[in-house]
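# Structural features, examined
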Amino acid sequence: MIKENSNKIGIIGTGFYVPEKILTNFDLEKKLNTTDEWIKTRTGIEERRIADEKEAASDLAAKAGAKALKDADINPKEIDLLIIATHFPDHYFPSTACITQHKLGLENAVCFDLSAACSGSIYSLFVAESIMKNSNYNTAMIIGTEIFSRTVDWKDRNTCVLFGDGAGAIIIKKGQKGKNIISFDFGSDGSGSDLLKIPAGGSRLPATKKTIKQRQHYIKMEGRKVYKFATKRMVESVIKALNKVDLTRKDIDLLIPHQANLRILKAVAKKLHLPIKKIMINLEKYGNTSAASIPIALDEAITQGKIKKGDIVVLTAFGAGLTWGAIVICW
Ligand code: UT7
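Quantities reported herein were computed from a predicted structural model and do not represent experimental measurements.

### Structural notes on the site of the ligand
In the vicinity of the ligand lie 23 residues, with Thr34, Cys118, Arg224, His258 and Asn261 positioned nearest. One of the side-chain N or O atoms of Arg224 is found 2.8 Å from an oxygen atom in the ligand. Between Asn261 and the ligand, the recorded distance is 2.7 Å, taken from a side-chain N or O atom to an oxygen atom. Relative to its unbound accessible area of 950 Å², the ligand is 76% covered by the protein chains. Judged by its atoms lying within 2 Å of the grid points, the ligand is housed in the second largest pocket. Put simply, the parts of the chain that give the shell around the ligand at least two residues each are α2 (36-43), α6 (157-160), α8 (223-243) and α9 (262-271). Tallying contributions element by element places α8 first for the shell around the ligand, with four residues. Looking at the shell around the ligand residue by residue, the class counts come to 11 nonpolar, eight polar and four charged. Each of domain 1 (10-177) and domain 2 (182-330) contributes no fewer than three residues to the shell around the ligand.

### Considerations on the domain arrangement of the protein
When the parts of a complex come together, some accessible area is lost, and that lost area is often taken as the interface size. Domain parsing of the protein yields domain 1 (10-177) and domain 2 (182-330). Taken over C-alpha atoms, the centre of domain 1 sits 14 Å from the centre of domain 2. Between domain 1 and domain 2, the residue contacts involve 49 residues of the former and 48 residues of the latter. Sorting the residues of domain 1 by area buried against domain 2 places Phe16, Cys118 and Ile122 first, and these three jointly supply 18% of that buried surface.

### Quick notes on the layout of surface pockets
In this structure, the largest pocket encloses a volume near 960 Å³. Taken together, 34 residues line the largest pocket, and the ones lying closest to its centre are His87, Phe88, Ser115, Lys197 and Ile198. Looking at side-chain class alone, the lining of the largest pocket contains 16 nonpolar, 13 polar and five charged residues. Inspection of the lining of the largest pocket shows a minimum of three residues originating in each of domain 1 (10-177) and domain 2 (182-330). Empty space within the second largest pocket amounts to approximately 490 Å³. Taken together, 21 residues line the second largest pocket, and the ones lying closest to its centre are Leu162, Met221, Gly223, Arg224 and Asn261. Those elements that provide at least two residues to the lining of the second largest pocket are α2, α6, α8 and α9. Take the lining of the second largest pocket: its biggest share by element is four residues, from α8.

Rules of the game
Residues numbered from 1 in each chain as written. Predicted model: local features only at pLDDT ≥ 70, side-chain atom pairs only at ≥ 80, totals over all residues. Heavy atoms only, no water. Near = heavy atom within 4 Å. Polar contact = N/O pair within 3.5 Å; in protein donor to acceptor, adjacent residues only side chain to side chain. Areas by Shrake-Rupley, 256 points an atom, 1.4 Å probe, with all protein chains shown as cover. 1 Å grid on protein atoms, 1.4 Å probe; cavity = no way out; pocket = protein on both sides within 12 Å on 5 of 7 lines; lining within 4 Å. Sits in = over half its atoms within 2 Å of the grid points. Helix = DSSP H or I, 4+ residues; strand = E, 2+ residues; numbered from the N terminus. Nonpolar A, V, L, I, M, F, W, Y, C, P; charged D, E, K, R; others polar. Domains from an automatic or database assignment. Contact = heavy atoms within 4.5 Å. Buried area = accessible area lost by both parts, 1.4 Å probe. Points joined across faces, edges and corners; volume = space filled by probe spheres on them.

Laid out in structure tokens, this is it:
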């Protein structure tokens, strides 16, 4: 039984935004050598959202952040820290966090971006919580925001069918009774950095006519290897995070995993001996929104009434880097 500790850091607001434009598997059938049947059976995805050409990562982030502020019912000036996780910022610099800060009027917030790919939002929660514990910062916002429609190669059926655009935000505050972050486990393994990456556009391969012609500015992925890594690491991380606070997989009321592939989520459920109803799944609507996927899924789980007071909720993710982790929340 988890004891309530009023000094703990807890969630006070969530919100998400997805662009209006929907791209279905049937739309993709018309452009690519693929089928709705293949995408649905191999991934569970039915449709994804596509940002308007005028929208950048900070625009999606600001819309999600505004909803989280409204949900938390706080003044934007109360936010002391803003961390944004994204694989495709507005610019190399300034940070998307600084641009979003201005849009949301978070004038007292210290702002920076964090790069951990699909694990980015839970890495950000972990970093925000750690900073708050060791500072006088009381309230933090983390946002995952992604515009994959501009970094996937629309000619590559192996990757473009998987991803979608969107943003999700979570606000945490010190001294909360309930919805507390009670444990975590994180890991990274750079030996797998070639498995999922955008090869060009950085200092390794700056943009040239050649890199553009070779389509090196788009996502490249070894899907099978990432799949195996994902199931193994998420399961290990969930168990480690639970064990740190003397809990086991049997205590999980709701698992909110990174929404990458339904087969991965089913494999994780099987390994953890969890019934599928204890796994939050919404990837059929949005595809893989990377750093945005967990905050979006958390907000939907709350609004759909899937979480009640005292529940053990576990967030878990994996992503490029390689990176992975789990956070345990006592609701
Ligand atoms: O957030 C982290 C992001 N990454 C991930 O989550 C990726 C994890 N990996 C996966 O989800 C799966 O590995 C995929 C969904 C990417 C692929 O599924 P798979 O069962 O591992 O398929 P595969 O890559 O082994 O490909 C099987 C076949 C291949 O054809 P051949 O070589 O057997 O003739 C592919 O060319 O399916 C083909 N294929 C497609 N066919 C129709 C690949 N993509 C498509 C497609 N439509 N969109």
